[in-house]
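So the chains spell out like this:
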Amino acid sequence: MEKLSFQILLNAPRQKVWDSLWEDESYRKWTSAFMEGSRAESDWKKGSKIRFLDGKGSGMVSVIEEMVQPSFMSFRHEGEIKNGVENTENAKTQGWAGSHENYTLTDVEGKTQLTVEMDGWSMPADMMEYFRNTWPRALAILKEMVEKE
(Lines give C-alpha, C1' and ligand atoms only; values in the text may rest on other atoms or scores of the structure.)
Protein backbone atom coordinates (compact mmCIF):
# COMPACT_ATOMS: atom_id res chain seq x y z
CA MET A 1 0.00 0.00 0.00
CA GLU A 2 1.22 3.41 -0.91
CA LYS A 3 0.65 6.54 1.13
CA LEU A 4 1.09 10.11 -0.01
CA SER A 5 0.96 13.13 2.28
CA PHE A 6 0.99 16.84 1.45
CA GLN A 7 0.97 19.80 3.85
CA ILE A 8 0.62 23.53 3.47
CA LEU A 9 0.35 26.38 5.95
CA LEU A 10 -2.32 28.88 4.94
CA ASN A 11 -2.62 32.40 6.32
CA ALA A 12 -6.40 32.13 6.72
CA PRO A 13 -8.86 30.84 9.32
CA ARG A 14 -9.95 27.20 9.18
CA GLN A 15 -13.53 28.00 8.17
CA LYS A 16 -12.36 30.04 5.17
CA VAL A 17 -10.05 27.22 4.08
CA TRP A 18 -12.82 24.65 4.58
CA ASP A 19 -15.27 26.69 2.52
CA SER A 20 -12.68 27.19 -0.24
CA LEU A 21 -12.01 23.46 -0.36
CA TRP A 22 -15.63 22.39 -0.78
CA GLU A 23 -17.74 25.23 -2.21
CA ASP A 24 -18.41 24.62 -5.90
CA GLU A 25 -16.76 27.68 -7.47
CA SER A 26 -13.58 27.54 -5.40
CA TYR A 27 -13.39 23.73 -5.60
CA ARG A 28 -13.36 23.98 -9.38
CA LYS A 29 -10.52 26.52 -9.24
CA TRP A 30 -8.05 24.62 -7.06
CA THR A 31 -8.82 21.23 -8.60
CA SER A 32 -8.18 22.61 -12.10
CA ALA A 33 -4.54 21.69 -11.36
CA PHE A 34 -5.58 18.05 -11.75
CA MET A 35 -7.84 18.49 -14.77
CA GLU A 36 -9.53 21.49 -16.38
CA GLY A 37 -13.26 21.29 -15.81
CA SER A 38 -12.93 19.36 -12.53
CA ARG A 39 -16.01 19.41 -10.35
CA ALA A 40 -17.68 17.46 -7.56
CA GLU A 41 -21.33 16.42 -7.37
CA SER A 42 -22.71 15.65 -3.90
CA ASP A 43 -25.06 16.83 -1.19
CA TRP A 44 -21.92 17.05 1.00
CA LYS A 45 -23.31 14.97 3.88
CA LYS A 46 -21.57 12.18 5.79
CA GLY A 47 -22.38 8.84 4.17
CA SER A 48 -23.36 10.40 0.84
CA LYS A 49 -22.03 9.53 -2.56
CA ILE A 50 -19.73 12.03 -4.22
CA ARG A 51 -18.76 12.05 -7.88
CA PHE A 52 -15.42 13.66 -8.77
CA LEU A 53 -15.70 14.51 -12.45
CA ASP A 54 -13.69 16.02 -15.26
CA GLY A 55 -15.17 18.21 -17.97
CA LYS A 56 -16.27 15.14 -19.96
CA GLY A 57 -18.21 13.35 -17.21
CA SER A 58 -15.50 10.85 -16.28
CA GLY A 59 -13.75 10.49 -12.93
CA MET A 60 -14.25 8.68 -9.62
CA VAL A 61 -17.20 7.73 -7.48
CA SER A 62 -16.63 7.88 -3.73
CA VAL A 63 -18.40 8.11 -0.39
CA ILE A 64 -18.03 10.87 2.21
CA GLU A 65 -16.95 8.55 5.00
CA GLU A 66 -16.35 11.22 7.65
CA MET A 67 -16.95 14.95 7.88
CA VAL A 68 -16.24 17.12 10.91
CA GLN A 69 -16.59 20.78 9.92
CA PRO A 70 -14.24 22.65 9.65
CA SER A 71 -11.56 20.15 10.67
CA PHE A 72 -11.70 16.84 8.80
CA MET A 73 -13.05 15.28 5.60
CA SER A 74 -12.51 11.68 4.50
CA PHE A 75 -13.48 10.21 1.15
CA ARG A 76 -13.55 6.45 0.52
CA HIS A 77 -13.03 5.84 -3.19
CA GLU A 78 -15.26 3.16 -4.67
CA GLY A 79 -14.75 3.11 -8.43
CA GLU A 80 -14.41 4.98 -11.66
CA ILE A 81 -16.82 6.87 -13.87
CA LYS A 82 -16.43 6.67 -17.65
CA ASN A 83 -18.70 8.83 -19.79
CA GLY A 84 -21.09 9.22 -16.88
CA VAL A 85 -21.32 5.48 -16.07
CA GLU A 86 -20.14 4.28 -12.64
CA ASN A 87 -18.11 1.06 -12.43
CA THR A 88 -16.92 -0.33 -9.11
CA GLU A 89 -16.25 -3.89 -10.31
CA ASN A 90 -13.60 -3.71 -13.02
CA ALA A 91 -10.00 -4.87 -12.62
CA LYS A 92 -8.65 -1.32 -12.87
CA THR A 93 -10.52 -0.13 -9.77
CA GLN A 94 -9.74 -3.19 -7.65
CA GLY A 95 -6.25 -1.85 -6.89
CA TRP A 96 -7.59 1.28 -5.24
CA ALA A 97 -11.26 0.70 -4.35
CA GLY A 98 -11.66 1.27 -0.63
CA SER A 99 -8.74 3.70 -0.46
CA HIS A 100 -9.07 6.99 1.40
CA GLU A 101 -8.31 10.61 0.72
CA ASN A 102 -8.26 12.63 3.95
CA TYR A 103 -8.15 16.38 4.58
CA THR A 104 -7.16 17.58 8.06
CA LEU A 105 -7.28 21.27 9.00
CA THR A 106 -5.62 22.42 12.23
CA ASP A 107 -5.05 25.83 13.79
CA VAL A 108 -1.41 26.91 14.00
CA GLU A 109 -0.84 30.33 15.57
CA GLY A 110 -3.72 32.02 13.74
CA LYS A 111 -3.10 30.16 10.49
CA THR A 112 -4.43 26.87 9.14
CA GLN A 113 -2.31 23.78 8.51
CA LEU A 114 -3.88 21.66 5.78
CA THR A 115 -2.73 18.06 5.47
CA VAL A 116 -3.94 15.90 2.60
CA GLU A 117 -3.29 12.16 2.81
CA MET A 118 -4.00 9.48 0.26
CA ASP A 119 -3.66 5.93 1.53
CA GLY A 120 -4.48 2.41 0.54
CA TRP A 121 -3.62 2.94 -3.09
CA SER A 122 -1.94 0.29 -5.17
CA MET A 123 -1.32 2.63 -8.04
CA PRO A 124 1.24 2.49 -10.80
CA ALA A 125 4.45 4.49 -10.45
CA ASP A 126 3.38 7.01 -13.11
CA MET A 127 0.19 7.76 -11.17
CA MET A 128 2.17 8.23 -7.94
CA GLU A 129 4.45 10.65 -9.79
CA TYR A 130 1.43 12.49 -11.20
CA PHE A 131 0.04 13.09 -7.70
CA ARG A 132 3.45 14.06 -6.30
CA ASN A 133 3.72 16.73 -8.99
CA THR A 134 0.09 17.89 -9.10
CA TRP A 135 -0.87 18.17 -5.42
CA PRO A 136 1.67 20.95 -4.74
CA ARG A 137 0.26 22.93 -7.69
CA ALA A 138 -3.32 22.45 -6.48
CA LEU A 139 -2.40 23.53 -2.95
CA ALA A 140 -0.59 26.60 -4.31
CA ILE A 141 -3.79 27.63 -6.10
CA LEU A 142 -5.76 27.11 -2.88
CA LYS A 143 -3.20 29.17 -0.93
CA GLU A 144 -3.46 32.05 -3.39
CA MET A 145 -7.27 31.95 -3.19
CA VAL A 146 -7.57 31.91 0.62
CA GLU A 147 -4.83 34.44 1.27
CA LYS A 148 -6.32 37.09 -1.03
CA GLU A 149 -8.12 39.90 0.78
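Residues numbered from 1 in each chain as written. Predicted model: local features only at pLDDT ≥ 70, side-chain atom pairs only at ≥ 80, totals over all residues. Heavy atoms only, no water.

What about the overall build of the protein chain?
Counting its secondary structure elements, the protein chain contains 4 helices and 8 strands. Taken from N to C terminus, the helices and strands of the protein chain fall in the order β-α-α-β-β-β-β-β-α-β-β-α. In terms of C-alpha radius of gyration, the protein chain reaches 15 Å, essentially the compact-globule figure of 15 Å for 149 residues. Dimensions of the protein chain, computed from the C-alpha atoms along their principal axes, are close to 45 × 30 × 25 Å. Across the 149 residues in the protein chain, those meeting the buried criterion constitute 45%. When the accessible surface of the protein chain is split by element, carbon and sulfur atoms take 49% of a total near 7,900 Å². (Helix = DSSP H or I, 4+ residues; strand = E, 2+ residues; numbered from the N terminus. Rg over C-alpha atoms; globule rule 2.2 N^0.38 Å. Buried < 20%, exposed > 50% of the residue type's maximum accessible area, 1.4 Å probe, protein only. Areas by Shrake-Rupley, 256 points an atom, 1.4 Å probe, with all protein chains shown as cover.)

Focus: the pairing of strand S5 (residues 72-82)
Pairing of strand S4 (residues 59-68) with S5 involves 9 bridges; the strand directions are antiparallel. Directly across from Gly59, in S5, lies its bridge partner Ile81. Linking S4 back to S5 in an antiparallel pair, the connection comprises 3 residues. Strand direction decides the pairing type here: S5 and strand S7 (residues 100-108), joined by 5 bridges, are antiparallel. Residue Arg76 lies in a different strand from S7, and its bridge partner there is His100. Where S5 meets strand S6 (residues 85-87), 3 bridges bridge the pair, whose relative direction is antiparallel. Each bridged residue has a counterpart across the sheet, and for Glu80 the counterpart in S6 is Asn87. Here S5 folds back onto S6, and the loop between the two strands holds 2 residues, one of which, Asn83, carries a positive phi near 50 degrees. (Pairing = 2+ DSSP bridges.)

Quick notes on the pattern of salt bridges
One pass over the full model with this rule turns up 12 salt bridges. Notably, a salt bridge pairs Asp24 with Arg28, separated by 3.0 Å at the nearest N-O pair. Residue Asp24 and its partner Arg28 are located together in helix H2 (residues 24-31), separated by 4 residues, close to a single helical turn. Judged by its relative accessible area of 42%, Asp24 falls in the partly exposed class. Linking Glu86 and Lys49 is a salt bridge whose minimum nitrogen-to-oxygen distance equals 3.1 Å. (Salt bridge = Lys/Arg side-chain N within 4 Å of Asp/Glu carboxyl O.)

What to know about the packing of H2 against helix H4 (residues 125-147)
Close contact between H2 and H4 brings their axes to 8 Å; oriented N to C, the two are set at 140 degrees. With respect to each other, H2 and H4 are oriented oblique. Contacts between H2 and H4 involve Ser26, Lys29 and Trp30 from the first element and Trp135, Ala138, Ile141, Leu142 and Met145 from the second. For the contact of H2 with H4, the class distribution of residues is 6 nonpolar, 1 polar and 1 charged. (Axes fitted to C-alpha atoms, helices over the stretch in contact; angles between N-to-C directions. Parallel < 35°, antiparallel > 145°, perpendicular 65-115°, else oblique. Contact = heavy atoms within 4.5 Å. Nonpolar A, V, L, I, M, F, W, Y, C, P; charged D, E, K, R; others polar.)

Some points on unusual backbone geometry
With omega at -10 degrees, the peptide bond leading from Gln69 into Pro70 counts as cis. Its location among the elements puts Pro70 in the loop between S4 and S5. Positive phi, normally seen in glycine, also occurs at Trp44, with a value near 60 degrees.

Notes on the nonpolar core
Within the largest apolar cluster, 34 residues are counted, with the highest numbers of intra-cluster contacts made by Leu21, Trp22, Trp30, Tyr103, Leu114, Trp135 and Leu142. When residues no more than four places from it in sequence are discounted, the contact partners of Leu142 are Leu10, Ser20, Leu21, Trp30 and Leu114. (Core = buried A, V, L, I, M, F, W, Y, C linked by side-chain atoms within 4.5 Å.)

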